[in-house]
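Observations on the model geometry
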Amino acid sequence: MAKTEFICPYCFEKRRLSEVQFRCTNPRCEDVPDVEMTRYENGDENMPKPGKTTFTVPVKSPSAVAQSGACPKCKNTTYKRVCPACHNELPESTLTGKDMIISVVGSRGTGKSHLVGVIIKELRDRIAVAFGGALEGFADSYPRWQQSFGSALYDSSVKLELTASSLRNVDNGAYRPLIFKLKLKRKVLFKEAVESFTLVLFDTAGEDLNDEATMGTVNKCICKSAGIVFLLDPTQLPAVAAQMDDGVMAGASAVSWQQAARADDIMTRVSRLIRNDKGLGETEKISIPVAAVFSKFDAIQPLVPQGCAVHNPSPHCGQKRFDLSDWHNVNGEILALLREWGAGAFTSQLETNYSNYSYFAASALGLHNNPRQDGRIERPRPHRIEDPFLWILRENGVIKAK
């Protein structure tokens with residue numbers, strides 16, 4: 001069935017393809033008040049920022065999108081297509097390919113920013129290449145990645161600061177999602193073709209998950225996700241904290257287990273938010289795949305029994321397929337550890353609310369790379385960071401398994 005709707009990778013509104021607008025690109029064309037962009041950037045709608053004219057172009061089919069349009073003011077031909085709700089430019093893969101919004105959630109201090117910062121570099125340099133594809137940044141996503149993540153992690157070798165709540169920092173530019181085009185080669189009738197996917201990664205401030213009213217406005221991406229990566233910081237579990245060295249604990253987490261929000265409470269709020277958005281009853285399970293990930297595996301590695309598969313490097317990229325045997329072993333190992341360490345309330349929340357879920361462990365910074373007291377780190381050498389993302393891609397039919 002032909003695609004007739006799209007999800008904007010900026011405002012996460014679902015709209016019809018026939019509603020797509022064009023924006024004039026003629027610098028000499030007169031500016032007009034841009035209420036939609038002002039609203040998206042949390043500005044004052046009574047004093048909207050100026051912008052070039054936007055307009056729609058009629059199409060004959062609900063699955064068709066015009067390639068260009070003539071500005072009604074200056075008659076200039078433009079190819080820039082924008083979302084009718086927020087007026088951000090839309091990538092071609094959003095209109096013709098598959099939407100792949102992946103939300104990274106978890107309580108404050110679980111390592112979400114490190115995970116997002118490192119996985120983007122790994123996807124571009126290693127993971128996409130291994131699966132016969134390429135990752136391309138859209139608009140200013142790569143420069144913003146460099147400013148927010150790459151400069152600290154790879155140039156200055158320091159850990160990232162905690163992400164500030166959007167309630168305290170209204171500069172929405174800091175919370176614009178990172179948008180990429182994932183292109184993968186496919187064989188169709190003995191010919192090689194390329195499929196494109198809009199990959200959207202959103203790093204949500206942990207504080208914004210503590211309040212349901214805030215979640216409803218700043219975390220709309222969760223409801224439209226093709227998959228959710230839910231991070232759990234094992235050092236925030238009392239049973240784990242009691243076994244760890246104080247120095248390791250101080251480097252691993254800026255938030256103690258006494259201060260951290262309970263993972264099961266956040267899971268309850270996330271589930272309620274999705275149910276309300278999709279109109280699901282309390283007994284209906286949510287179909288969005290959820291990857292529950294033990295973050296900071298480097299800090300707890302000595303506590304994990306030797307012989308466990310999770311100690312080994314991830315095998316998926318080397319095999320160019322998602323390895324089901326390895327996934328099955330790691331899933332069972334992490335579930336057993338969660339129950340042993342007193343996280344049964346979280347696993348129960350996950351298993352009663354979702355129909356598709358799996359357990360993982362990863363370290364964004366890598367083994368034996370726990371931040372020192374001054375915040376210094378070595379260059380990230382991640383351990384199994386790709387596993388939850390590849391599982392979500394596999395569950396959405398993007399990559400194959402063996």
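Just so we're clear, the structure is a prediction, and the values are computed from it rather than from any experiment.

1. Observations regarding the overall build of the protein chain
Helix and strand counts for the protein chain come out as 14 helices and 16 strands. Taken across its 402 residues, the protein chain has 53% of its residues classed as buried. Considering only residue pairs separated by 6 or more positions, the protein chain has 72% of its internal contacts joining residues 24 or more positions apart. As presented, the protein chain carries roughly 18,100 Å² of accessible surface, and 49% of it is formed by carbon and sulfur atoms.

2. What to know about the nonpolar core
Of all hydrophobic cores here, the largest spans 62 residues; its most connected members are Phe230, Ile274, Phe294 and Ile334. Here Phe294 is in contact with Leu232, Pro234, Leu237, Ile300, Ile334, Leu337, Leu338, Trp341, Phe360, Ala361 and Ala362, once residues within four sequence places are set aside. One finds Val118, Cys317, Phe360 and Leu393 within the second-largest nonpolar core, a separate group that totals 48 residues.

3. As for the side chain of Arg384
With respect to the helices and strands, Arg384 occurs in the loop between strand S16 (357–361) and helix H14 (387–395). Under the relative-accessibility criterion, Arg384 is labelled buried at 2%. Reaching out from Arg384, the side chain makes a polar contact with the side chain of Asp326 at a distance of 2.9 Å. Among residues more than four places away in sequence, those in contact with Arg384 are Ala309, Val310, Asn312, Pro313, Ser314, Pro315, Asp326, Val330, Ala361 and Ala362.

4. Regarding the sheet that holds strand S3 (residues 21–23)
Strands sit in the order S6-S3-S9 across an open sheet of three strands; the sheet is antiparallel. Here the strands that pair on one side only, and so sit at the sheet edges, are strand S6 (54–56) and strand S9 (81–82). Looking at chain direction, S3 and S6 are connected through three bridges and run antiparallel. What sits directly across from Gln21, in S6, is Thr56.

5. Some points on the side chain of Arg23
Relative to the helices and strands, Arg23 is located in strand S3. Residues contacting Arg23, with those up to four places away along its chain left out, are Asp34, Gly51, Lys52, Thr53, Thr54, Thr78, Lys80, Val82 and His87.

6. What about the environment of Thr268?
For Thr268, the location among the structural elements is in helix H9 (residues 263–278). Placed 78 residues apart in sequence, Thr268 and Phe346 show a C-alpha to C-alpha distance of 9.1 Å.

7. Brief notes about the environment of Glu161
By the secondary structure assignment, Glu161 is in the loop between helix H4 (141–156) and strand S12 (178–188). Judged by its relative accessible area of 69%, Glu161 falls in the exposed class. Sequence separation between Glu161 and Ser148 is 13 residues; the distance between their C-alpha atoms is 9.9 Å.

8. A word on the packing of H9 against helix H13 (residues 344–353)
Close contact between H9 and H13 brings their axes to 8 Å; oriented N to C, the two are set at 15 degrees. Classified by the angle their axes make, H9 and H13 are roughly parallel. For H9 against H13, the interelement crossing comes out left-handed. Taking contact as the criterion, the partners of Ala263, Asp264, Met267, Thr268, Ser271 and Arg275 in H9 are, on H13, Ala345, Phe346, Gln349, Leu350, Thr352 and Asn353.

9. Examining the confidence of the model for the protein chain
Here the protein chain averages 89 in pLDDT, while 89% of its residues score no lower than 70. Across residues 167–174 the pLDDT falls below 50, and counting only partners more than four positions away or on other chains, this stretch makes 11 contacts in the model.

10. Concerning the packing of helix H3 (residues 112–130) against H4
Running from amino to carboxyl end, H3 crosses H4 at an angle of 105 degrees, the nearest separation of the two axes being 10 Å. One element, H3, and the other, H4, form an angle in the roughly perpendicular class. Of the residues in H4, those in contact with Ser113, His114, Val116, Gly117, Val118, Ile120, Lys121 and Arg124 of H3 are Tyr142, Trp145, Phe149, Leu153 and Tyr154. Here the contact of H3 with H4 is composed, by residue class, of eight nonpolar, three polar and two charged.

11. Considerations on the environment of Arg384
Sequence separation of Arg384 and His311 is 73 residues, and the distance between their C-alpha atoms is 9.2 Å. For Arg384, the side chain forms a polar contact with the main-chain oxygen of Ala309, separated by 3.1 Å. At 2.9 Å, the side chain of Arg384 and the backbone oxygen of Asn312 are in polar contact.

12. Some details on the pattern of salt bridges
For the structure shown, the criterion picks out 24 salt bridges. With a shortest N-O distance of 3.3 Å, Arg39 and Glu45 are connected by a salt bridge. Judged by its relative accessible area of 42%, Arg39 is partly exposed. The partner of Asp233 in a salt bridge is Lys296, with the nearest N and O atoms 2.7 Å apart. Note that Asp233 is positioned in the loop between strand S14 (227–232) and helix H7 (238–241) and Lys296 in the loop between strand S15 (290–294) and helix H10 (297–300), a separation of 63 residues in sequence. Of the two residues examined, Asp233 and Lys296, each falls in the buried class.

13. A few points about the pairing of strand S10 (residues 98–106)
Within S10, eight of the nine residues are buried, which leaves it mostly tucked inside the rest of the structure. Bridge count for S10 against S14 is five bridges, and the pairing is parallel. Each bridged residue has a counterpart across the sheet, and for Val105 the counterpart in S14 is Phe230.

14. A word on the packing of aromatic side chains
Counting across every chain of the model gives eight aromatic pairs. A ring pair is formed by Tyr142 and Phe180, whose centres lie 5.1 Å apart and whose planes are at 65 degrees; its orientation type is edge-to-face. Taken together, the positions of Tyr142 in helix H4 and Phe180 in strand S12 put the pair 38 residues apart, joining distant regions of the chain. Overall, the relative accessible area of 1% leaves Phe180 in the buried class. Aromatic side chains Phe360 and Trp391 sit 5.8 Å apart centroid to centroid with 55 degrees between the ring planes, which places their arrangement in the tilted category. In this pair, Phe360 is assigned in strand S16 and Trp391 in helix H14, connecting sequence segments 31 residues apart. Like Phe360, the residue Trp391 is buried in the burial classification. Across the ring face of Tyr154, the terminal group of Lys121 is positioned such that the distance to the ring centre comes to 5.2 Å. Lying across the ring of Tyr142, Arg124 places its NZ or CZ 4.7 Å from the centre.

Conventions and cut-offs
Residues numbered from 1 in each chain as written. Predicted model: local features only at pLDDT ≥ 70, side-chain atom pairs only at ≥ 80, totals over all residues. Heavy atoms only, no water. Helix = DSSP H or I, 4+ residues; strand = E, 2+ residues; numbered from the N terminus. Buried < 20%, exposed > 50% of the residue type's maximum accessible area, 1.4 Å probe, protein only. Contact = heavy atoms within 4.5 Å. Areas by Shrake-Rupley, 256 points an atom, 1.4 Å probe, with all protein chains shown as cover. Core = buried A, V, L, I, M, F, W, Y, C linked by side-chain atoms within 4.5 Å. Polar contact = N/O pair within 3.5 Å; in protein donor to acceptor, adjacent residues only side chain to side chain. Pairing = 2+ DSSP bridges. Axes fitted to C-alpha atoms, helices over the stretch in contact; angles between N-to-C directions. Parallel < 35°, antiparallel > 145°, perpendicular 65-115°, else oblique. Left-handed = near helix turned anticlockwise from the far one by under 90°. pLDDT = per-residue confidence, 0-100. Nonpolar A, V, L, I, M, F, W, Y, C, P; charged D, E, K, R; others polar. Salt bridge = Lys/Arg side-chain N within 4 Å of Asp/Glu carboxyl O. Phe/Tyr/Trp six-rings, centres within 6.5 Å; stacked < 30°, edge-to-face > 60°. Lys NZ or Arg CZ within 6 Å of the ring centre and 35° of its normal.

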